[in-house]
Amino acid sequence: MLDLPDKLELNGADYFHLLLERINRSNPTSNNVVRMLISIENESKLQEIVDRIESSEVVKWIANLELKKPVFSRAHWSLGNNSYEIKVKRHDSITWQNIFSIPITLNSDHLIRFDTIKTDGKIKLLFSWHHILMDGRGAGLLMQYLSENTKKEIVKPSLLYQHPQNKTSFLSKFRRMFDVKHFVEDMLKESMQSPTVKNNDSSGFHHLVVALNNEETNAIEVNAKASGSKFGSNIFQLACCFSTISEISNNDKKIWVPVPYDGRKRGSRGPIIGNHISFLFYKISPEENDSIESIVQSLNQQMSDQIKREIPVKYNDMLTVMRDFPIQFYQWATTRSGKGRVSSFLYSSSGEGVWDTNRLNKSFKDILLIPPFSNDPGITFTFSRFNNQLKINIIACKKKFDEKEVSLIKETLMSKLLVSKNAKRT
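Conventions adopted
- Residues numbered from 1 in each chain as written.
- Predicted model: local features only at pLDDT ≥ 70, side-chain atom pairs only at ≥ 80, totals over all residues.
- Heavy atoms only, no water.
- Helix = DSSP H or I, 4+ residues; strand = E, 2+ residues; numbered from the N terminus.
- Contact = heavy atoms within 4.5 Å.
- Buried < 20%, exposed > 50% of the residue type's maximum accessible area, 1.4 Å probe, protein only.
- Polar contact = N/O pair within 3.5 Å; in protein donor to acceptor, adjacent residues only side chain to side chain.
- Core = buried A, V, L, I, M, F, W, Y, C linked by side-chain atoms within 4.5 Å.
- Pairing = 2+ DSSP bridges.
- Axes fitted to C-alpha atoms, helices over the stretch in contact; angles between N-to-C directions.
- Salt bridge = Lys/Arg side-chain N within 4 Å of Asp/Glu carboxyl O.

A. Representation of the side chain of Asn275. Here Asn275 lies in the loop between strand E9 (255–262) and strand E10 (277–284). Beyond its immediate chain neighbours, meaning those up to four positions away, Asn275 contacts Asn11, Ala13, Asp14, His17, His131, Ile132, Met134 and Asp135.

Structural data, given as structure tokens:
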């Protein structure tokens, strides 16, 4: 038997997901579920992993965590008394998109789910989880652990969970959080409005997955370097998204977006539970939108300035402090100045080809990360890699974007990423 804790404290980023849950009440089609779709070599390899999932004490422990929200103390995870057993759901003759309609909410019996899908001779494992439980890298670490070739569960506490750090006094954090609060409010000044509802009778989301081959992925790296992107292709990808949104929306105002990045130590194997991310905030004014190169230059400078100003650290301080306030005050404090403007679009990238999925079981032939579907602001771009092949999710709210607009967004973005490259997309 493993010695697993029966109570876990939420960190600041976890608490932020409680806020998102509250905001999403008015948007019932939104969700805060992340998914990992894994293509597996053959049936026997799939069965090995299914057996390990269903017999894992760690998976059972995660499935039995319950969120407690006391009135006069911090929200936390508590080990429930239900002793849920995780059973992998098996499906034939359906697509993995069909499973998206099955909700995972804070009121669900458990916040993780595993499904196998076998259609057209292809074998896939779909891992779904509520974002408040863990971030994308935490899920990758869990799948890495579950796919290791060992029968014994040897788990260090630091691999599973890390207590929130309290190196700074509450008063100091409270003071520092106002710097980042004013910084974010400045981002919102004269920024574009969120996309408006155009198709009120529609519901759900458009979801496009653009899978690039090695040649196209390498071409994007070359284009990123030529544009002045200093640290891989991430800033270049972000610049192309900025340019696309500006062009499609015919916008003449400032565009802004918060961009998450993994806050764990480089090369670490934990923790799995919790959201261990920090944020950088980027904005592009109309005068900076002359070219991809000018956007990249501005983004590079903004990143440097924010790191010097310790904006990510101060933002985490703000999230940490907010755990001690009622969620209603948290919502008022963080959304009042924005007047409904969450951001101009949503963006994330899971890494530059050295993300944890590269070290998973060799029977994993492909991996796709699928982010939550959000009504606000209504358009999301995510980038991930596996086997040096880039994949892009484009998710758009049907109330705000019709099929023709989404297709135009895709083609515009790809033309900017690939520039003059003519490799055929798959």
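B. Here's a closer look at the environment of Ser278. With respect to the secondary-structure elements, Ser278 resides in strand E10. For Ser278, a relative accessible area of 8% translates into the label buried. Filtering out sequence-adjacent residues up to four positions away, Ser278 remains in contact with Val259, Pro260, Tyr261, Gly263, Pro312 and Asn316. A polar atom in the side chain of Ser278 sits 3.0 Å from the side chain of Asn316.

C. Highlighting the nonpolar core. In terms of nonpolar packing, the biggest core is built from 73 residues, with Ile112, Phe114, Phe127 and Met143 touching the most fellow members. Every residue in contact with Ile112, bar those within four places of it in the chain, is listed here: Val59, Ile62, Ala63, Ile86, Phe127, Ser128, Trp129, Leu133 and Met134. In this structure, Ala219, Leu299, Phe345 and Leu418 belong to the second largest nonpolar core, which totals 40 residues.

D. Broad picture of the sheet that holds strand E12 (residues 364–370). With mixed pairing, 5 strands are arranged side by side in an open sheet as E5-E6-E7-E2-E12. If you trace the sheet from one side to the other, it starts and ends with strand E5 (89–92) and E12, each paired once. Pairwise comparison of adjacent strand axes, ignoring direction, gives a mean angle of 20° for this sheet. Alignment of E5 against strand E6 (residues 112–119), held across 4 bridges, turns out to be parallel. Within the sheet, the bridge partner assigned to His91 lies in E6 and is Ile117. Taken strand by strand, helix H2 (residues 43–55) contacts strand E2 (33–40), E5, E6, strand E7 (122–130) and E12, and its axis lies near 25° from that of E7.

E. Up close: the pattern of salt bridges. Following the criterion strictly, the structure yields 20 salt bridges and no others. A salt bridge links Asp179 to Arg309, with the nearest nitrogen and oxygen atoms 2.7 Å apart. In this pair, Asp179 is assigned in helix H6 (residues 170–188) and Arg309 in helix H9 (residues 292–309), connecting sequence segments 130 residues apart. Of the charged contacts in the structure, one is a salt bridge between Asp262 and Arg264, with a shortest N-O distance of 2.8 Å. Residue Arg264 is classed as buried on the basis of its relative accessible area of 9%.

This is a description of form; function is not addressed.
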